[in-house]
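One-letter residues, chain by chain:
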Amino acid sequence: MGGHLVTVATCSLNQWVLDWEGNLQRIVESIHLAKKAGARLRVGPELEICGYSGLDHFHELDVYTHSLEMLRKLLEDESCHDILIDVGLPILHRNIRYNARAILLNGKILLIRPKMWLANDGNYREMRHFTPWMRPRETELFHLPKILQEIQGETHVLFGDAVISTPETAFGAETCEELFTPKAPHIDMALDGVEIITNSSGSHFTLQKLDVRLKLILEATRKSGGVYLYSNQQGCDGERLYFDGCAMIIVNGEIVAQGSQFSLNDVEVVTATVDLEEVRAYRSSISRGLQAATSNAKYQRIQTSFEFSPEDEDTDIWKKPTLPRPPRYHSVEEEIALCGGCYLWDYLRRSGTAGYLVPLSGGIDSCATATLVFSMCRIVIQAIEDGNQQVIEDVRRICKYGKEGELPKTPQELCNQVFTTIYMGMSKQSSSETRGRAKALADAIGSYHVNLDIDDVYEAQKKLIVQTTNFEPKFKVHGGTVQENLTLQCLQARIRMVTAYEFGQILPTARGRPGGGSLLVLGSANVGESLRGYLTKYDCSSADINPIGSIDKADLKRFIAWAEKKFDLPCLHGFLTAVPTAELEPITQEYVQSDEADMGMTYAELTVFGRLRKLNKLGPYAMFQRLVHDWSADREKVEGDEAPFYTPRQVAEKVKRFFHFYAINRHKMTTLTPALHCNDYSPDDNRFDLRPFLYPPFWKSWSFKRIDMELEKIEKRREERAGKGKETEID
């Protein structure tokens, strides 16, 4: 029967798409660390050999060829023997592309298990690249290519949905999305006596998603009992997604080991010793036994003599089960700081550039972007202090420190090397307050700061219009039309974008940085402004990457308020109290430009519109039907209700205004800077939110007419009700 104490390992790996040898090196390192901890089973992330975010590369035969070549190297590596390995890779079987797991032992393949339920929502496009295995609990033979036949000593291995049986237990594998389905494979596996279940994931970060993920993983064994090993990709693997690791081991609905959610460690292995007798005791209920006995879901078992827990280990009294521990979560503010910082470091070190540049406006959005870069520097300095050799090597390369050179000791020192902030003012539009806030922030975080005015460039471009057309455009405050006002505002905004890239390309050389290079320009348009289209196409919203592009204004303010205290940056307080303004129009005694006044809606309302449009899948008419109740001026105020109070007509006007501007500005989303994905109502047109960018005029659409019809009924009913109320008072 064997022993009952089993040490198992799962891991988070910072893989990089198509980094074949680098990915293999990290896989091997994780196996070595698992073996060193005494583990007899190791599970890794989804598609870890090639990297998860391969997208249309999965149509290329090279990906399948190189994946098998790396698999051969892994099988040949005797240092990876004496442990069961669950590794992820794409497989081409009978001309069908599969997302699969290979179960390995001592240089042999025991099973290739294809994914059965593919992720195909939001950022996931697996059905575009792979075919699901649609035959539960069935297997067939996979014809091995020659390079694997030599090692296997056979021409075929089993391919399909089966489980592995050892002398003391059985384990089965499910992959990422399968956990999230209503009838997940682990249910049938558990009823068929499988006691250990592995899950290999490529699950990306969104704010507070870990809570949902944890509930599902805990529920997987809380009902059915068992040991659940969750592995996940960690870091930026070449896309706008950050994979937030958090490898876990759960026993009977309780966490016994949990890895970090955000980390600069390329390899993180989590191990635990579990007691199989606890699983058997947990599954002893009569109702569970009846369901298991009558279940027709029987799995083919692949027998192996490899022992998870040799009997003589039961006499090792120093070996004991890992105790349960409470789950570890981060607040929204911490998630923004840690996710943004880790993602930016991965992007920087893998891009081969010299650093980042951010145009600082003195407003909270560019302030948040700069603070995220400072968060990155804090995380890197902590990793250096912890002795992270990969981070030390990357810092030496990026900052051009020699092997014997002194490394930066503070976040500010690192910030000065890799981060430039630039304030591009206009003498009549820019206030001394915004200029001062930008300078104070740069001083506090240590960035290399450039303070300049763009008046000469602006006047030269404006003069081009006058000389060519014999017409001089004016701002609204000087009597100009709406079109003139927009032209002059957009002119300034686009000059700033060109200037930012100009300085980004030359500054490392001008500063005498060894090796020169160029800087990546960061954007600072938040999710609400992108959704509303409140930005100039090809202005400073156009950049190389935007770390705040899917975060709303409220969360950014929470983050800045948190960072003010946590990062000891008192200067951030001024950004919190300032009125959001683009500063693209002249400041007069009677007029100062305001974002919310320009947009005709508040940032809080934009967040509501965004969530209802994307998450609740509501068009104009359905959104009006929802908000006329949620924002009703006639509702009773209750504790915790922070929604505005509007009449039905005001709600109709708000909804129409939002969809009108959303429609006419949708074309801007096609050129939107790639944004770190943090929210599930992001309007990112290129990957996440696929919609037309040429709409019929909403103001004369049938949807708006239906709103008017509904509004007429509601107002008529309100009038009748008000009239009855007056009659009652008279009586």
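Rules and cut-offs
- Residues numbered from 1 in each chain as written.
- Predicted model: local features only at pLDDT ≥ 70, side-chain atom pairs only at ≥ 80, totals over all residues.
- Heavy atoms only, no water.
- UniProt positions renumbered as here; feature names shortened; annotations may be inferred.
- Helix = DSSP H or I, 4+ residues; strand = E, 2+ residues; numbered from the N terminus.
- Rg over C-alpha atoms; globule rule 2.2 N^0.38 Å.
- Buried < 20%, exposed > 50% of the residue type's maximum accessible area, 1.4 Å probe, protein only.
- Contact = heavy atoms within 4.5 Å.
- Areas by Shrake-Rupley, 256 points an atom, 1.4 Å probe, with all protein chains shown as cover.
- Phe/Tyr/Trp six-rings, centres within 6.5 Å; stacked < 30°, edge-to-face > 60°.
- Lys NZ or Arg CZ within 6 Å of the ring centre and 35° of its normal.
- Disulfide = S-S within 2.5 Å.
- Pairing = 2+ DSSP bridges.
- Axes fitted to C-alpha atoms, helices over the stretch in contact; angles between N-to-C directions.
- Core = buried A, V, L, I, M, F, W, Y, C linked by side-chain atoms within 4.5 Å.
- Expected span 1.5 Å × (residues − 1).
- Bend = angle between axes of the 7 residues up to and from the residue.
- 1 Å grid on protein atoms, 1.4 Å probe; cavity = no way out; pocket = protein on both sides within 12 Å on 5 of 7 lines; lining within 4 Å.
- Points joined across faces, edges and corners; volume = space filled by probe spheres on them.
- Salt bridge = Lys/Arg side-chain N within 4 Å of Asp/Glu carboxyl O.
- Lys, Arg positive; Asp, Glu negative; His and termini not counted.

Taking an unreviewed UniProt entry as the reference, the chain is identified by name as Glutamine-dependent NAD(+) synthetase belonging to Neurospora tetraspora. The UniProt entry for the chain carries this comment under Sequence similarities (unreviewed entry): "In the C-terminal section; belongs to the NAD synthetase family." Quoted verbatim from the Catalytic activity (unreviewed entry) field of UniProt, the annotation for the chain is "deamido-NAD(+) + L-glutamine + ATP + H2O = L-glutamate + AMP + diphosphate + NAD(+) + H(+)".

(A) Inspection of the overall build of the chain at higher detail. Looking only at helices and strands, the chain has 24 helices and 20 strands in total. The C-alpha atoms of the chain give 29 Å as radius of gyration, which agrees with the globular expectation for 731 residues (27 Å, within 12%). Overall, the chain is about 90 × 85 × 50 Å in size when its C-alpha atoms are taken along their principal axes. Taken over 731 residues, the chain has a buried fraction of 57%. In the chain, the proportion of contacts linking residues at least 24 apart, taken out of those at least 6 apart, comes to 73%. Here the chain has roughly 31,100 Å² of accessible surface; of this, 53% comes from carbon and sulfur atoms.

(B) Broad picture of the packing of aromatic side chains. Within the structure shown, the criterion is met by 25 aromatic pairs. Considering the side-chain rings of Trp 133 and Phe 159, the 5.4 Å spacing of their centres and the 75 degrees angle between planes classify their relative orientation as edge-to-face. With a gap of 26 residues between them, Trp 133 in the loop between helix H3 (126–129) and strand S6 (139–143) and Phe 159 in strand S7 (residues 156–160) connect regions that are remote in the sequence. Here Trp 133 matches Phe 159 in class, with each residue buried. Taken together, Phe 609, Trp 631, Tyr 646, Phe 658, Phe 659, Tyr 662, Tyr 695, Phe 698 and Phe 704 form an aromatic cluster joined through their ring pairs. Geometry around Tyr 448 places Arg 511 over its ring, the cationic atom sitting 4.0 Å from the centre.

(C) Geometry of the state of the cysteines. Evaluated as defined, the whole model comprises zero disulfides. Free cysteine: Cys 176, not disulfide-bonded; nearest cysteine sulfur from Cys 246 at 14 Å. Summary of cysteine pairing: Cys 415 is not part of a disulfide, and the nearest cysteine sulfur, belonging to Cys 377, is at 4.0 Å. The class for Cys 415 is buried, based on a relative accessible area of 0%.

(D) A look at the sheet that holds strand S17 (residues 355–359). The four strands are arranged S19-S18-S17-S20 in an open sheet whose pairing can be described as parallel. Both outer strands of the open sheet, strand S19 (448–453) and strand S20 (519–521), are each paired with one neighbouring strand and no more. Averaged over all pairs of adjacent strands, the angle between strand axes in this sheet comes to 25 degrees, irrespective of strand direction. Across three bridges, the pairing between S17 and S20 is parallel. Paired with Gly 355 across the strands is Leu 519, a residue of S20. Contacting S17 and strand S18 (419–425), helix H11 (residues 364–385) runs over the sheet at an angle of about 160 degrees to S17. Along the sheet, helix H16 (residues 482–510) makes contact with S17, S18, S19 and S20, crossing S18 at roughly 145 degrees.

(E) Inspection of the nonpolar core at higher detail. Ranked by size, the top nonpolar core spans 62 residues in total, and within it Trp 345, Met 376, Val 380, Val 395, Val 418, Phe 419 and Leu 441 carry the most contacts. Looking at this core element by element, the count peaks at 14 residues for H11. Leu 13, Tyr 52, Tyr 98 and Ile 109 belong to the second largest nonpolar core, which has 49 residues in total.

(F) Just the environment of Lys 223, in detail. Its location among the elements puts Lys 223 in helix H7 (residues 209–224). Taking the C-alpha atoms as reference, Lys 223 lies 7.9 Å from Asn 252; in sequence the two are 29 residues apart.

(G) H16, seen in detail. With 29 residues, H16 should reach 42 Å at 1.5 Å per residue; the first-to-last C-alpha distance of 41 Å fits that figure. When the local axis directions of H16 are compared, the greatest deviation, roughly 30 degrees, occurs at Gly 504, which is followed within four positions by the proline Pro 508. Among the residues trailing H16, Gly 512 stands out with phi positive, at a value near 75 degrees.

(H) Geometry of the pairing of strand S3 (residues 84–93). The element S3 is extensively covered by neighbouring structure, given that nine of its 10 residues are classed as buried. In the sheet, strand S2 (residues 41–43) pairs with S3 via three bridges, with the strands oriented parallel. What sits directly across from Arg 42, in S3, is Ile 85. As defined by bridge partners, S3 adjoins strand S4 (residues 96–105) across nine bridges and the pair is classed as antiparallel. Across the sheet, Ile 85 pairs through a bridge with Leu 104, a residue of S4.

(I) Representation of the environment of Val 194 within the structure. Mapping Val 194 onto the fold places it in the loop between helix H6 (185–191) and strand S10 (196–201). Among residues more than four places away in sequence, those in contact with Val 194 are Val 163, Ala 170, Phe 171, Gly 172, Met 189, Arg 283 and Arg 301.

(J) Highlighting empty space enclosed by the protein. For the structure on display, the rule yields eight cavities of 30 Å³ or more. Approximately 160 Å³ is the volume found for the largest cavity. Lining the largest cavity are 15 residues; nearest its centre among them are Tyr 52, Leu 55, Asn 123, Tyr 124 and Arg 125.

(K) Expanded view of the pairing of strand S14 (residues 254–258). Of all five residues that make up S14, four are buried, and the element is covered over most of its length. Here four bridges tie strand S13 (residues 248–251) to S14, and the two strands are oriented antiparallel to one another. Bridge pairing links Met 248 to Gln 258 in S14.

(L) Inspection of the pattern of salt bridges at higher detail. Counted by the stated rule, this structure contains 46 salt bridges. One salt bridge in this structure joins Arg 94 and Glu 140, with 3.4 Å as the shortest N-O distance. Remark: Glu 140 occurs in strand S6 and Arg 94 occurs in the loop between S3 and S4; sequence separation between them is 46 residues. Given a relative accessible area of 55%, Arg 94 falls into the exposed group. A salt bridge links Lys 614 to Asp 689; its shortest N-O distance comes to 3.1 Å. Note that Lys 614 is positioned in helix H21 (residues 603–614) and Asp 689 in the loop between helix H23 (648–665) and helix H24 (702–730), a separation of 75 residues in sequence. For Lys 614, a relative accessible area of 17% puts it in the buried group. On the basis of relative accessibility, which here comes to 0%, the residue Asp 689 falls in the buried class. One connected set of salt bridges, linked through shared partners, spans Asp 266, Asp 346, Arg 349, Asp 394 and Arg 397.

(M) View of unusual backbone geometry. Even without a glycine there, the phi angle at Leu 18 is positive, about 70 degrees. Following the sequence through the fold, Leu 18 ends up in the loop between strand S1 (5–13) and helix H1 (20–36). By relative accessible area, which is 32% here, Leu 18 ends up partly exposed.

(N) Region of interest: the side chain of Glu 710. Note that Glu 710 resides in helix H24. Put simply, Glu 710 is tucked away with no salt bridge, and the nearest opposite charge, on Lys 713, sits 4.6 Å away.

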